[in-house]
Amino acid sequence: MDSLVNLQILDVSFNCLTKIENLENLLKLKKLYLVGNRITKIENINMLTNLTMLELGDNKIKKIENIDSLINLRQLFLAKNKIMKIENLDNLINIELLSLQANRIVKIENLENLTKLIELYLSENGIERVENLNNHFQLETLDLAKNRLKSIENVNNLVRIEELWLNDNSIDNWKNLEVLKENQTLKTIYLEHNPVADEAMYRLKLRDIAPWLEEIDAILCR
């Protein structure tokens, strides 16, 4: 790598890498793809402060760590790992997209400083509550599909939300859906495979609550 000092994009996805190493001279790197390897720890990238995109999906990472200095990151992908907690992101105030699908996360937390978030993907975890998103006025897409949600709550501050993915949860109370009346920017919602979606007139009831919806469960509203 010593001769590649001007490299801006590096993709070493789908190999058998077990460790991140030998990148210390690639200080101009802006995008780093490490998908589908066998990496167990985020390390040896703190010097890559020009990174705007880091893709570490489909590895064996257990903890978010050692990325405090990557203050120019706009997109961080950590889906399909073994991460149990959202943590150590406080310095990454410029992140606009955070992907943590298919991990082992049970709580939405420690995102207070990420006020520029536009897209947040947390599907296929063990999350039981929508919470701690009070500072996220820029959020347009929130994906919480395939979790353990029983209700919709704390979404009234999401004043720019356009897409809300809640399919494959345990939401069973129609009164609880009334909170969506405050989300008048909402265009697309996914609620299939929840108990409420099994009821007769499901789509009509949902349109009654939020007549501005354009798409329900991938079907356009008419």
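What you see is a predicted model, and the numbers here were worked out from it, not measured in a lab.

A. Structural detail: unusual backbone geometry. The backbone phi angle of Asp168 is positive, close to 60°, even though this residue is not glycine. Within the secondary structure, Asp168 sits in the loop between strand 8 (163–165) and strand 9 (188–190).

B. Quick look at the pattern of salt bridges. A full pass over the atoms with the stated rule returns 5 salt bridges. The salt bridge partner of Glu131 is Lys107, with a shortest N-O separation of 3.2 Å. In this pair, Glu131 sits in the loop between strand 6 (119–121) and strand 7 (141–143) while Lys107 sits in the loop between strand 5 (97–99) and strand 6, placing the two residues 24 residues apart along the sequence. Of the residues examined, Glu131 reaches a relative accessible area of 12% and is grouped as buried. A salt bridge links Glu153 to Arg129, with the nearest nitrogen and oxygen atoms 3.1 Å apart. Residue Glu153 is located in the loop between strand 7 and strand 8, and its partner Arg129 is located in the loop between strand 6 and strand 7; the two are separated by 24 residues in the primary sequence. A relative accessible area of 39% means that Arg129 is categorised as partly exposed.

C. Just a positive patch on the surface, in detail. Together, Lys19, Lys41, Lys63 and Lys85 give the surface a local cluster of positive charge. Mapping Lys41 onto the fold places it in the loop between strand 2 (31–33) and strand 3 (53–55). For Lys41, a relative accessible area of 36% corresponds to the partly exposed category.

D. Representation of the packing of aromatic side chains within the structure. Inspection of the entire model under this criterion finds 2 aromatic pairs. Taking the centre distance of 4.1 Å and the plane angle of 15° together, the rings of Trp165 and Tyr190 count as stacked. Here Trp165, found in strand 8, pairs with Tyr190, found in strand 9; they are 25 residues apart in sequence, far enough to count as distant. Since its relative accessible area comes to 27%, Trp165 is described here as partly exposed. For the pair Trp174 and Tyr202, a centre-to-centre distance of 6.2 Å together with 55° between the ring planes defines the contact as tilted. With Trp174 in the loop between strand 8 and strand 9 and Tyr202 in helix 1 (residues 202–209), this residue pair connects regions lying 28 residues apart in the sequence.

E. Here's a closer look at helix 1. Along helix 1, the residues classified as buried are Tyr202, Leu206 and Ile209. Across the axial projection of helix 1, the buried residues extend over an arc of 55°, all falling on one side. Turned more than 90 degrees from where helix 1 packs its buried face, Leu204 and Asp208 sit exposed.

F. How the structure looks around the environment of Asn113. Mapped onto the fold, Asn113 is located in the loop between strand 5 and strand 6. Taking the relative accessible area as the measure of exposure, Asn113 reaches 35% and is therefore partly exposed. Separated by 103 residues in sequence, Asn113 and Ile216 place their C-alpha atoms 31 Å apart. Sequence-distant contacts of Asn113, that is, excluding residues within four places in its chain, are made with Asp90 and Ile93. There is a polar contact of 3.1 Å between the side chain of Asn113 and the backbone oxygen of Asp90.

Rules of the game
- Residues numbered from 1 in each chain as written.
- Predicted model: local features only at pLDDT ≥ 70, side-chain atom pairs only at ≥ 80, totals over all residues.
- Heavy atoms only, no water.
- Helix = DSSP H or I, 4+ residues; strand = E, 2+ residues; numbered from the N terminus.
- Salt bridge = Lys/Arg side-chain N within 4 Å of Asp/Glu carboxyl O.
- Buried < 20%, exposed > 50% of the residue type's maximum accessible area, 1.4 Å probe, protein only.
- Patch = residues over 30% accessible without salt bridge, like charges linked within 9 Å, V, L, I, M, F, W, Y side chains within 5 Å.
- Areas by Shrake-Rupley, 256 points an atom, 1.4 Å probe, with all protein chains shown as cover.
- Lys, Arg positive; Asp, Glu negative; His and termini not counted.
- Charge placed at Lys NZ, Arg CZ, Asp CG, Glu CD.
- Phe/Tyr/Trp six-rings, centres within 6.5 Å; stacked < 30°, edge-to-face > 60°.
- Arc of directions from axis to C-beta.
- Contact = heavy atoms within 4.5 Å.
- Polar contact = N/O pair within 3.5 Å; in protein donor to acceptor, adjacent residues only side chain to side chain.

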